[in-house]
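Listed here are the chains, written in short residue letters.
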Amino acid sequence: MADVFLSYKREDAPKVRKLVDALRGAGLDAWWDEDIPGGAQWEATIEKALADAKAVIVCWSPESIASENVRSEARLAREDGRLVQVFLKPCTPPLFFGERQGFDLTKWRGAADDPRIAKVADCVRKVAAGERAQGRDRPQPHKKMGANMVAAISALLLLIAGMASWWMLRPTVGRGPMTLAVLPFRALNPADANLVDAIWDDTRGAISRNPNLRVLGRETVTALAGRKLDPAGYKRKAGADYLLDGSVQHVGDQVQMKLSLLRTEDGAEVWSDQLGGKFGDVFAFQQRIAREVEGRIRGRVAPGGGTTARNISTSAEVYALFGAARTKLLQRRGPSTRDAIVLLKKAVALDPNYAPAWADLGEATKISGEGSADEVRKQAKAYVDRALTLAPNLAHAHAVLGFLDCSPESQSELRHSIALDPNEVEGWMWLGNCLGSENRVKDALAAHSRAVEIEPLWFTSMYNKMDDLEANNDRQGIFAELHRAEATGDALLTLRARGHAAWLTGQIAEAARNEFEIRRRFPDQVRIIDLSEILMTLGFIDETAALLKVPASETKPYRGIPLPAQELRKRYPVSVDFWNDEEAPLLYGRLLSRNGRLAEYVGWYKSAFRNADDYYASTAWAGWERFVDQGPNVAANLRAAGETELAQQIIDKEESLVAPLLRNGPANWQMAWRIAMLRAVEGRDDEAVAALRRAIGQGWLPNRFEFSTDLAEEPCFARLSSRPDFQAIRQYVLHHIAEQRRQITPAMLANAGLALKKAA
């Protein structure tokens, strides 16, 4: 743990380097970012050093005052009593810092024996020991007396106004940031609906970028607003501490906006105001309103300060297209995503400079996945790059850039995104996904929990949080999250939560019943991928084909009948495409070996790759999971064909990918079955059976798409077939799936619009 962390702007590095040397010469352990070793994760290392330091020196200059990173680090240090301020150049520090003590180093030339350095070092030692900083020698920039007087009077008036209203808010001591719901603004003239929606979203976005506030997501607030809740209802269902309500009236060239801030615990109005003026340039007007509202809210609900937002505005027509597309994107359904792409392309055609629409177009393109993986990624990145060219600090664009790949570099983008906007819900969710892929399940849970706090009615972040809870073996936590969803009163969210909890705990029939109910009550919200996986696991192959709208001939491989060689080659004219298919390498890995076509399977591999590194490189776009899922069966088949060297290359490569993950934590349910397959092909039979038992015990079941419901059919498990403990697990899986299937009656399928047919 360092004695002191130094926060500064890069332009001041030469002088800060001298300060670091001087402090070290005074016997202090001083840390700054040039101490970060090569290859380390930059932001994570800085965050840890900042958290661990006993004191924090913030080096103020005109450049550092303009840096949000420096200001954020200063706020954190101020809040927990570790702040020591030094002034490298004459400047006025940010709001809430000017009244604090500081040391004038503007004329210091780097001498370690300068008395000022001794004072700074002594102050650091006292702060590290829990004492307050001393010294009031901050340099003052030269200003005219009149300007100083005006500033002093303005500050006094602001202070008096703040004191008069603050007592009403009574923040709870020891609580985290307050949670605010910005209700959709009402247009008193229906013709202004799109304009008012744009003003609302600009305002909500401006407030959400304040790191000292939690702002509920737009989808959650929109859904709750439609229920006509009282203020306490927002507290119960979404955890909101305050509501910001507003109406907008547009008459001629004048716009008048009325605002009201309510406390949810008792419904008291703690602040109200009116804003408005002449309506000229729509962009300038929207931005001015957003800034003014954000400033007023910041001073009341987030007294620690915040960020003055720079919003990006557009016309009401473009915003309406963008807002509709955003709603469809969050549904995470194929048809909705395609609709979103159409809307976003219309938006950027009307306003090519509207960066948020370009960012969402990149996201939608990635989610749709229409085209080869490489083509999709290139096109999505081109859209995101366009957004960042127009708006380099657009938080969502950085989040989408991180979403395109799950890597250390993408994590940096995602962390940058949530630093720019702490309420960037998808930034938190995708960061959690990346952390989960590294088996850092506790960190993933924290990120996904934050996403749920922002959008408590969004099922995607809820699913991810429940997955993390299962990965942490926290069944109680899963049911607590289920109860949270039920408490919102949202019927669709409740059905989804019940279904996902059932799926995670191996109760597939219950998961199916909830999906059937969603299909009956909310037909436009059905996620085909969820329902098809459930049906396939239960063995309803024909029903799955009908649901996916594929011909019956496509079901033959799932019944154990592989396609003829010529038809398979016609489907995958380029060998690499076979291996980039999510199902083909696993499905045909067991089918071809069991049907006397092992040489054909090996031929697919040898015609596509020279070695395991080639193989991994071709699938890396999908993350390590694709390679690790496929590798054991591929290696087992290569070994069976006498290609022992190629098989061992795959095993070694997979081991190199899995070993770091296991150092991050134990093999959770999402990894245990992968470990079982790897250990089996490595010949570590006892470990393989133990890992398989753990995976099944925590609710994992093969879904028949990638993995056979009869574990003995997987090539990697062939050597385990003679073991009684393996056979016991195998029989349990077959019996459990059969038992769950019997609970799905013909009437249930008929009511869900899925006529029962004879299944395999």
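Residues numbered from 1 in each chain as written. Predicted model: local features only at pLDDT ≥ 70, side-chain atom pairs only at ≥ 80, totals over all residues. Heavy atoms only, no water.

1. Things to note about the pairing of strand S10 (residues 254-263)
Point 1. Burial analysis of S10 places seven of its 10 residues in the buried class, which makes it a mostly covered element.
Point 2. Of the strand pairs in this sheet, strand S9 (residues 242-251) and S10 are connected by 10 bridges, and their pairing is antiparallel. The residue bridging Leu244 from the neighbouring strand is Leu261, located in S10.
Point 3. Remark: two residues form the turn of the hairpin made by S9 and S10, two consecutive strands paired antiparallel; Gly252 in that turn has positive phi of roughly 65°. (Buried < 20%, exposed > 50% of the residue type's maximum accessible area, 1.4 Å probe, protein only. Helix = DSSP H or I, 4+ residues; strand = E, 2+ residues; numbered from the N terminus. Pairing = 2+ DSSP bridges.)

2. Regarding the packing of helix H14 (residues 373-390) against helix H15 (residues 395-403)
Point 1. Where H14 contacts H15, the axes come no closer than 9 Å and their chain directions differ by 155°. In terms of axis orientation, H14 runs roughly antiparallel to H15. For H14 against H15, the interelement crossing comes out left-handed. Residues Lys381, Val384, Asp385, Ala387 and Leu388 of H14 touch H15, and the partners they reach there are Ala397, His398, Val400 and Leu401.
Point 2. By residue class, the composition of the contact of H14 with H15 is six nonpolar, one polar and two charged. (Axes fitted to C-alpha atoms, helices over the stretch in contact; angles between N-to-C directions. Parallel < 35°, antiparallel > 145°, perpendicular 65-115°, else oblique. Left-handed = near helix turned anticlockwise from the far one by under 90°. Contact = heavy atoms within 4.5 Å. Nonpolar A, V, L, I, M, F, W, Y, C, P; charged D, E, K, R; others polar.)

3. Points about the pattern of salt bridges
Point 1. Counted under the stated rule, the structure contains 57 salt bridges.
Point 2. Across the salt bridge formed by Glu682 and Arg684, the nearest N and O atoms sit 3.3 Å from each other.
Point 3. Taking the relative accessible area as the measure of exposure, Glu682 reaches 24% and is therefore partly exposed.
Point 4. With a relative accessible area of 34%, Arg684 lands in the partly exposed category.
Point 5. It is possible to trace a salt-bridge network through shared partners that takes in Arg326, Arg332, Asp360, Glu363 and Glu426. (Salt bridge = Lys/Arg side-chain N within 4 Å of Asp/Glu carboxyl O.)

4. Some words on the sheet that holds strand S3 (residues 55-60)
Point 1. With respect to topology, five strands assemble into an open sheet ordered S2-S1-S3-S4-S5, the strand pairing being parallel. At either end of the open sheet lies a strand with only one pairing partner, and these are strand S2 (30-31) and strand S5 (103-104).
Point 2. For S3 and strand S4 (residues 83-87), the ladder comprises five bridges, and the chain directions are parallel. Bridging across to S4, Ile57 finds its partner in Val84.

5. A few points about the environment of Gly81
Point 1. Within the secondary structure layout, Gly81 lies in the loop between helix H4 (68-79) and S4.
Point 2. Taking C-alpha positions, Gly81 is 9.3 Å from Val56, a pair spaced 25 residues apart along the chain.

6. What about the environment of Leu535?
Point 1. Structurally, Leu535 can be placed in helix H23 (residues 528-537).
Point 2. Under the relative-accessibility criterion, Leu535 is labelled buried at 1%.
Point 3. Leave out the neighbours within four places in its chain, and Leu535 touches Phe516, Phe540, Glu543, Thr544, Leu547, Leu749 and Leu754.

7. Let's talk about helix H5 (residues 115-128)
Point 1. Its 14 residues place the ends of H5 20 Å apart at the C-alpha level, agreeing with the 20 Å of an ideal helix rising 1.5 Å per residue.
Point 2. Turning to H5, its buried residues are Ile117, Val120, Ala121, Cys123, Val124 and Val127. The buried residues of H5 occupy an angular sector of 160° when projected down its axis, which confines them to one face.
Point 3. Where H5 begins, one side-chain oxygen reaches toward the backbone nitrogen of Arg116, 2.8 Å away; that side chain belongs to Asp114.
Point 4. Taken from the residues just after H5, Gly130 is the one with a positive phi, measuring 100°. (Expected span 1.5 Å × (residues − 1). Arc of directions from axis to C-beta. Polar contact = N/O pair within 3.5 Å; in protein donor to acceptor, adjacent residues only side chain to side chain.)

8. Section: the packing of aromatic side chains
For any pair of aromatic rings, the description rests on two quantities: the centre-to-centre distance and the angle between the ring planes.
Point 1. Counted according to the given criterion, the structure contains 27 aromatic pairs.
Point 2. Taking 4.2 Å as the distance between ring centres and 15° as the angle between the ring planes, the aromatic pair formed by Phe403 and Trp430 counts as stacked. You can see Phe403 sitting in helix H15 and its partner Trp430 sitting in helix H17 (residues 425-437), a full 27 residues away along the chain.
Point 3. When the ring of Tyr616 is compared with that of Phe627, the centres are 5.5 Å apart and the planes differ by 85°; the resulting orientation is edge-to-face. Pair noted here: Tyr616 is in helix H29 (residues 612-619) and Phe627 is in helix H30 (residues 624-640), with a separation of 11 residues, a long-range link.
Point 4. Residue classification places Phe627 among the buried positions, given a relative accessible area of 0%.
Point 5. Following the ring pairs from residue to residue traces out a cluster consisting of Tyr572, Phe578, Trp579, Tyr588, Tyr601, Trp604, Tyr605, Phe609, Tyr615, Tyr616 and Phe627.
Point 6. Taking NZ or CZ as reference, Arg569 lies 3.9 Å from the ring centre of Trp604, over its face.
Point 7. Cation over ring: Arg741 sits above Phe540, and NZ or CZ is 4.1 Å from the ring centre. (Phe/Tyr/Trp six-rings, centres within 6.5 Å; stacked < 30°, edge-to-face > 60°. Lys NZ or Arg CZ within 6 Å of the ring centre and 35° of its normal.)

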